[in-house]
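This is what each chain is made of:
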Amino acid sequence: LASFVAIGKSAINSASDIDDMSQQIGISAEALQKWQYVALQSGLDNNQLQNAFVKTQAALADLSTGAGGPGANALEKLGISTEQAALGMGANIDTIIDKLAAIEDPITKASYANELFGDKLGSKLIPLLNSGGEGLAKLTAEFEALGYMTNEQVEGLSSFDDTLNIIRMSFANIKNQLGSALLPLMESFASFLSDKVVPAVKRVADWFSSLSL
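Residues numbered from 1 in each chain as written. Predicted model: local features only at pLDDT ≥ 70, side-chain atom pairs only at ≥ 80, totals over all residues. Heavy atoms only, no water.

## What about the nonpolar core?
Next, step 1: By size, the foremost hydrophobic cluster in this structure holds 45 residues, and its most contacted members are Trp 35, Phe 53, Ile 96, Leu 100, Leu 116 and Phe 117.
Next, step 2: The residues touching Ile 96, leaving out its near neighbours within four places in the chain, are Thr 56, Leu 60, Leu 75, Leu 78, Ile 80, Leu 116 and Phe 117. (Core = buried A, V, L, I, M, F, W, Y, C linked by side-chain atoms within 4.5 Å. Buried < 20%, exposed > 50% of the residue type's maximum accessible area, 1.4 Å probe, protein only. Contact = heavy atoms within 4.5 Å.)

Okay, structure coming up:
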């Protein structure tokens, strides 16, 4: 039973993390899990992946708003339009990877990848980009074969985690309110100990000390 509870808690925590991260970077929970697997196979952890995708998201926002910048310029050179960039990460990340993989010049490919993902993820993805669409398709097939949580499952588990947080907060508030209600009683008890019990014990101790053997 304890093992099943632990498995359930782990699933809830994982779904909550996936849900939070997917909303932050603007892609679906299923897509995020795929890219987490790709990142893992490329030697990156989730924090590095998140930072890289936040950078890409910012480049898309800069292009869609006309703010410009190195990331936006790289997207334009890849053929991403202002209108396409405005659709966000979910509609663009696979296209960006495919367009990078299609670049033949390795220096240009590395330069664009670094501008869009940052130096760490950009350099880590170069071997994958060099393998072209086949390399990504292979990792995608591996990911799907391993199994993953659907968008609906992530949403359901994450919602239940929110419910648990409400319950925890409710019990914490009840505990605090109970403590507040008991404060007058605890103060009276402390006063009783200080004014009655401690002096009485001291008198008894003094009496024993005065006895001569």
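Now that the structure has been shown, we can carry on.
## Looking at the side chain of Asp 19
Next, step 1: Inspection of the secondary structure assignment puts Asp 19 in helix H1 (residues 2–25).
Next, step 2: The class for Asp 19 is buried, based on a relative accessible area of 17%.
Next, step 3: The contact partners of Asp 19, leaving out residues within four places of it in the chain, are Val 154 and Ser 158. (Helix = DSSP H or I, 4+ residues; strand = E, 2+ residues; numbered from the N terminus.)

## A look at the pattern of salt bridges
Next, step 1: By the definition in use, this model includes 2 salt bridges.
Next, step 2: In this structure, Asp 94 engages Lys 34 in a salt bridge whose closest nitrogen and oxygen atoms are separated by 3.4 Å. Taken as a pair, Asp 94 in helix H6 (residues 89–102) and Lys 34 in helix H2 (residues 29–41) lie far apart in primary sequence, 60 residues in all.
Next, step 3: Take Lys 34: its relative accessible area is 11%, and that puts it in the buried class.
Next, step 4: With its nearest N and O atoms 2.7 Å apart, the salt bridge here joins Lys 138 to Glu 142. In this pair, Lys 138 and Glu 142 both sit in helix H9 (residues 132–146), 4 residues apart, roughly one turn of the helix.
Next, step 5: Since its relative accessible area comes to 52%, Lys 138 is described here as exposed.
Next, step 6: For Glu 142, a relative accessible area of 26% gives the class partly exposed. (Salt bridge = Lys/Arg side-chain N within 4 Å of Asp/Glu carboxyl O.)

## What about the packing of helix H7 (residues 106–117) against helix H8 (residues 119–130)?
Next, step 1: Between H7 and H8, whose axes approach to 8 Å, the crossing angle comes to 135°. The angle between H7 and H8 falls in the class oblique. Read as a crossing pair, H7 and H8 show a hand that is right-handed. Contact residues: H7 offers Lys 109, Ala 110, Ala 113, Asn 114 and Phe 117, while H8 offers Asp 119, Leu 121, Gly 122, Ser 123, Leu 125, Ile 126, Leu 129 and Asn 130.
Next, step 2: The class makeup of the residues in the contact of H7 with H8 is 7 nonpolar, 4 polar and 2 charged. (Axes fitted to C-alpha atoms, helices over the stretch in contact; angles between N-to-C directions. Parallel < 35°, antiparallel > 145°, perpendicular 65-115°, else oblique. Left-handed = near helix turned anticlockwise from the far one by under 90°. Nonpolar A, V, L, I, M, F, W, Y, C, P; charged D, E, K, R; others polar.)

## What to know about helix H3 (residues 46–65)
Next, step 1: Across its 20 residues, H3 extends 28 Å between first and last C-alpha, which sits within 8% of the 28 Å expected from 1.5 Å per residue.
Next, step 2: If you check which residues of H3 are buried, you get Leu 49, Gln 50, Ala 52, Phe 53, Thr 56, Ala 59, Leu 60 and Leu 63.
Next, step 3: One side-chain oxygen at the N-terminal end of H3 lies 3.1 Å from the backbone nitrogen of Asn 47; it belongs to Asp 45.
Next, step 4: Residue Gly 66 follows H3 closely and has a positive phi angle near 80°. (Expected span 1.5 Å × (residues − 1). Polar contact = N/O pair within 3.5 Å; in protein donor to acceptor, adjacent residues only side chain to side chain.)

## Considerations on the packing of aromatic side chains
Next, step 1: In the structure shown here, the tally under the stated rule is 4 aromatic pairs.
Next, step 2: Between the aromatic rings of Trp 35 and Phe 53, the centroid separation amounts to 6.1 Å while the plane-to-plane angle is 75°, which identifies the pairing as edge-to-face. Taken together, the residues Trp 35 in helix H2 and Phe 53 in helix H3 connect sequence positions 18 residues apart. Summarising the burial analysis for this pair, Trp 35 and Phe 53 share the class buried.
Next, step 3: Ring centres of Phe 53 and Phe 117 lie 6.5 Å apart, and the angle between their planes is 45°; this geometry places the pair in the tilted category. Of this pair, Phe 53 sits in helix H3 while Phe 117 sits in helix H7, and the two are 64 residues apart along the sequence. You'll find Phe 53 and Phe 117 in the same group, each marked buried.
Next, step 4: Members of the aromatic cluster, joined through ring pairs, are Trp 35, Phe 53 and Phe 117. (Phe/Tyr/Trp six-rings, centres within 6.5 Å; stacked < 30°, edge-to-face > 60°.)

## Quick notes on helix H4 (residues 70–77)
Next, step 1: Along H4, the positions that sit buried rather than exposed are Gly 71, Ala 72, Ala 74 and Leu 75. All buried residues of H4 fall inside an arc of 160° around its axis, so they share one side. Facing away from the buried side of H4, by more than 90 degrees, are the exposed residues Pro 70 and Lys 77.
Next, step 2: Buried-residue contacts for H4 involve H3, H6 and H7.
Next, step 3: The positive-phi residue at the C-terminal boundary of H4 is Gly 79, with phi of around 95°. (Arc of directions from axis to C-beta.)

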